[in-house]
Amino acid sequence: MESSQFDLILKNGQVLLPDGWATVSIGITNGKICAIGPLDNAKAEKTIQCEGLHVLPGLIDTQVHFREPGAEHKETLATGLQSAALGGITGVFEMPNTSPLTLTPELIFDKMSRADKHPWVDYAFYLGGCKQNAEKLSEYENAPGICGIKVFMGASTGDLLAASDEEIDMVLKNGRRIVAVHAEDEFIMQENKKTILGDSTDVSLHCKWRSVESCLNATKRVVAIAKKYKRRVHILHVTTKDEMDFFREQKNEHITVEVLANHLTLFAPDCYEKLGSLSQQNPPIREKEHQDALWKAIADGTVDMVASDHAPHTLEEKAKPYPLSPSGTPGVQTLLPIMLHHVNQGKLTLERLVELMCYNPIKIHGIKDRSKIEIGSQATFTIVDMNKRDVISSADQATKSEWTPFDGMETQGWPVVTMIRGHVVMYEGKLSHQTVGLPIQFQETKM
Ligand code: DOR
């Protein structure tokens, strides 16, 4: 093997192998890992020197909103997927609150065809779940490209909503795939909007009327219904200490938990004072005590995934007076730099980050075509330089919305190569001309 010929060698990186870190080289041919070792005498058409770099299995952003079809002025699949590649992300799960809502396999197929025109990275799509399509979900859910079913219990951007127990029940009893849940209680929020927000235009009230109680109540309701049907539910973007305490008591393999980089990094009231409605998102950014609880839940294993919830809106839309300003921030390109900065600050280990952004998505969503770094597996990698320092800047963002809430923040730890099946898609911040992304494959789908 040592004198073999490969298409590509990743030379002497710190590689995260299934049993831990090793300084090794990786030989790649036809998009697959063919050899792992010193490879001192091996030849290759191309070699990438990885001394001083960490080679990770390809990281996935499991929650993004790319706005196509319907709101292409904010983002397209092309610009969203490009932003992912620039951010060291090798695959994305995209959300169904586009227009029209993604409620049928035909509309999933439409998104797949659109993504296939500019496939900067691999992609999969959530199918929306609500009253209109609930009875069809068992039939629809295994179509190619579907990563799971998405339910909004509280209104956010778009019209997708399953607010009542009856509607949630209808979705959960039909089908077997994982159901990802936006858990904010619509009824509590509607009441709070009258009593707490009233006519105020103060954006710092966003985390008051979209309350802790509304999140906890929605989470408890959906977990109770999921238990009845033994259905797997993935509670998205958890923001409260109270829900983390609940998960510690209740969690089993049927219940998984996501947190967002924004909630781990920004906190109230500071973010509303500094960023105003640029930090407005749903569920909202909350006070430091909640952020501390999210970090504790990352440390003790309660959290299963970290994602961006990339939700671009234009600066013009964001400048509308609150609460007319829409909720959400871009994030797919900054997710990894922000999380690597947290690694450098000692908030979590790089191995734990890989678990949250690669191993757990593979396991929980049953991804078929990805694995740990081992011989025979896909040569899809995120390569990072943990020493590189740079300043996050709105001007560098590929998102059509052209901004980031982290503009001006200096971070340490940056992605330097995004590689998909042996193709270099991004190298030191520059995109290649070739796009090679494909639909992500799942154990449960037909492809
Ligand atoms: O803040 C948010 N924005 N939260 C969501 O759940 C949806 C998202 C969007 O699509 O804008």
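Residues numbered from 1 in each chain as written. Predicted model: local features only at pLDDT ≥ 70, side-chain atom pairs only at ≥ 80, totals over all residues. Heavy atoms only, no water.

Some words on the side chain of threonine 411
Then, number 1: Examined against the element boundaries, threonine 411 turns out to sit in strand E15 (residues 410–420).
Then, number 2: Judged by relative accessible area, which is 0%, threonine 411 ranks as buried.
Then, number 3: Of note is the side chain of threonine 411, whose polar atom sits 3.1 Å from the side chain of tryptophan 414.
Then, number 4: The residues touching threonine 411, leaving out its near neighbours within four places in the chain, are Pro337, His341, Lys388, Arg389, Asp390 and Ile392. (Helix = DSSP H or I, 4+ residues; strand = E, 2+ residues; numbered from the N terminus. Buried < 20%, exposed > 50% of the residue type's maximum accessible area, 1.4 Å probe, protein only. Polar contact = N/O pair within 3.5 Å; in protein donor to acceptor, adjacent residues only side chain to side chain. Contact = heavy atoms within 4.5 Å.)

Things to note about the packing of aromatic side chains
Then, number 1: Under the defined criterion, the tally for this structure stands at four aromatic pairs.
Then, number 2: With a centroid separation of 6.0 Å and an interplanar angle of 45°, the aromatic rings of tyrosine 123 and phenylalanine 125 are classed as tilted.
Then, number 3: A relative accessible area of 1% means that phenylalanine 125 is categorised as buried.
Then, number 4: One aromatic cluster is present, formed by Phe93, Tyr126 and Phe442 through successive ring pairs.
Then, number 5: The ring of phenylalanine 442 has arginine 177 sitting right over it, with the charged end atom 5.5 Å from the ring centre.
Then, number 6: Taking the ring centre of tyrosine 359 as reference, the NZ or CZ of lysine 372 above it sits at 4.5 Å. (Phe/Tyr/Trp six-rings, centres within 6.5 Å; stacked < 30°, edge-to-face > 60°. Lys NZ or Arg CZ within 6 Å of the ring centre and 35° of its normal.)

Details of unusual backbone geometry
Then, number 1: A cis amide bond links asparagine 282 to the next residue, proline 283, at an omega of -10°.
Then, number 2: Each neighbour pair has its own omega, and for tyrosine 322 with proline 323 the value is 10°, a cis peptide bond.
Then, number 3: Here proline 323 shows up in the loop between helix H12 (315–318) and helix H13 (335–344).
Then, number 4: Of note, histidine 237 is a non-glycine position whose phi angle comes to about 25°, a positive value.

Examining the site of the ligand
Then, number 1: Near the ligand, the surroundings consist of 15 residues, among which Arg67, Asn97, Thr157, Asn282 and Ser327 are the closest.
Then, number 2: Here an oxygen atom of the ligand sits 2.7 Å away from a polar atom, N or O, in the side chain of threonine 157.
Then, number 3: Between the ligand and histidine 313, the relevant distance is 3.0 Å, taken from an oxygen atom to a side-chain nitrogen or oxygen of the residue.
Then, number 4: In isolation the ligand exposes 290 Å². Once the protein is present, 100% of that is buried. (Near = heavy atom within 4 Å. Areas by Shrake-Rupley, 256 points an atom, 1.4 Å probe, with all protein chains shown as cover.)

Observations concerning the packing of helix H7 (residues 212–229) against helix H8 (residues 241–250)
Then, number 1: H8 packs onto H7 with a crossing angle of 25° between their chain directions and a minimal axis gap of 9 Å. Judged by the inter-axis angle, H7 sits roughly parallel to H8. For the pair H7 and H8, the sense of crossing is right-handed. On H8, the residues touching Val212, Cys215, Leu216, Thr219, Lys220, Val223 and Lys227 of H7 are Asp242, Glu243, Phe246, Phe247 and Gln250.
Then, number 2: Looking at the contact of H7 with H8 residue by residue, the classes come out as six nonpolar, two polar and four charged. (Axes fitted to C-alpha atoms, helices over the stretch in contact; angles between N-to-C directions. Parallel < 35°, antiparallel > 145°, perpendicular 65-115°, else oblique. Left-handed = near helix turned anticlockwise from the far one by under 90°. Nonpolar A, V, L, I, M, F, W, Y, C, P; charged D, E, K, R; others polar.)

Overview of the domain arrangement of the chain
Then, number 1: Taken as a whole, the chain is organised into domain 1 (5–55 + 376–431) and domain 2 (59–365).
Then, number 2: Each of domain 1 and domain 2 was reduced to a C-alpha centroid, and the two centroids are 27 Å apart.
Then, number 3: Here domain 1 and domain 2 share one salt bridge between them.
Then, number 4: There are 16 residue pairs in polar contact (both at pLDDT 80 or more) connecting domain 1 and domain 2.
Then, number 5: For the side of domain 1 that touches domain 2, the elements supplying multiple residues, two or more each, are strand E1 (5–17), strand E14 (381–391), E15 and strand E16 (423–427).
Then, number 6: A total of nine residues in the side of domain 1 that touches domain 2 trace back to one element, the largest contributor, which is E15.
Then, number 7: Partitioning the side of domain 1 that touches domain 2 into residue classes produces 19 nonpolar, 13 polar and four charged. (Domains from an automatic or database assignment. Salt bridge = Lys/Arg side-chain N within 4 Å of Asp/Glu carboxyl O.)

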